[in-house]
Amino acid sequence: QVQLVESGGGLVQSGGSLSISCAATGSIWGINAMGWYRQVPGKQREMVALIGSHGTAKYGDSVEGRFTISRDNAKKTVYLQMNSLKPEDTAAYYCTAQIETMDADRPDTYWGQGTQVTVSS
């Protein structure tokens, strides 16, 4: 069974930095894109950053230039470095990955349980 296990998050002051990570575990044959979405209660989930298997990244407009996504394929882990944080970055951050398992013939999309990031003003 595949799981995405997130770590990091917490409370930080406006202008500060925070890093979160997400490790994929289970019977994994391959991982395509990995990334992060965030969600505030009552609002739609928003794409924060995505990274392809070869390292090509794209970012949401609101975080471009402040956040950096990276991945370690050997560790099956994706990272999000968040700098110059603003109160509006406060949200639950969800890891996602397109994973093909050993017993599947095509990738499926998996989600982590979410980690809270709170930025105080």
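This is a predicted model, so every value here is computed, not measured.

## A look at the sheet that holds strand S1 (residues 3-8)
Working step 1: The strand order across the open sheet formed by four strands is S1-S3-S8-S7, and the pairing between neighbours is antiparallel. The outermost strands of the open sheet, each flanked by one partner alone, are S1 and strand S7 (67-72). Shown here is a sheet whose adjacent strand axes are inclined to one another by a mean of 15 degrees, direction ignored.
Working step 2: In this structure, S1 lies alongside strand S3 (residues 18-25), joined through six bridges in antiparallel fashion. Note on S3: the bridge partner recorded for Val5 is Ala23.

## Considerations on the packing of aromatic side chains
Working step 1: Summed over all chains, the structure comprises one aromatic pair.
Working step 2: With a centroid separation of 5.3 Å and an interplanar angle of 65 degrees, the aromatic rings of Tyr37 and Trp111 are classed as edge-to-face. In this pair, Tyr37 sits in strand S4 (residues 28-39) while Trp111 sits in strand S10 (residues 108-111), placing the two residues 74 residues apart along the sequence.
Working step 3: A residue is classified by how much of its surface remains accessible, and Tyr37, at 23% relative accessible area, is partly exposed.
Working step 4: Its relative accessible area of 38% is what places Trp111 among the partly exposed residues.
Working step 5: Seen from the ring of Tyr94, Arg45 lies directly overhead, with NZ or CZ sitting 3.9 Å from the centre.

## Let's talk about the state of the cysteines
Working step 1: All told, the structure shown has one disulfide when counted by the stated rule.
Working step 2: With a sulfur-sulfur separation of 2.1 Å, Cys22 is cross-linked through a disulfide to Cys95. Between Cys22 and Cys95, the disulfide has an S-S torsion of -80 degrees and is therefore left-handed. Here Cys22 is found in strand S3, whereas its partner Cys95 is found in strand S9 (residues 91-101), with 73 residues between them in sequence. In this pair, the class of Cys22 matches that of Cys95, namely buried.

## A short note on the pairing of S9
Working step 1: Of all 11 residues in S9, 10 are buried, a share of seventy percent or more.
Working step 2: Both S4 and S9 contribute to a ladder of nine bridges, which runs antiparallel. In the strand pairing of S9, Tyr37 is matched with Tyr94.
Working step 3: Taken together, the four bridges between S9 and S10 define a ladder with antiparallel strand orientation. Pairing of Gln98 across the sheet is with Thr109, part of S10.
Working step 4: Linkage of S9 to S10, two consecutive antiparallel strands, is achieved through a turn of six residues.

About the criteria used
Residues numbered from 1 in each chain as written. Predicted model: local features only at pLDDT ≥ 70, side-chain atom pairs only at ≥ 80, totals over all residues. Heavy atoms only, no water. Pairing = 2+ DSSP bridges. Helix = DSSP H or I, 4+ residues; strand = E, 2+ residues; numbered from the N terminus. Axes fitted to C-alpha atoms, helices over the stretch in contact; angles between N-to-C directions. Phe/Tyr/Trp six-rings, centres within 6.5 Å; stacked < 30°, edge-to-face > 60°. Buried < 20%, exposed > 50% of the residue type's maximum accessible area, 1.4 Å probe, protein only. Lys NZ or Arg CZ within 6 Å of the ring centre and 35° of its normal. Disulfide = S-S within 2.5 Å.

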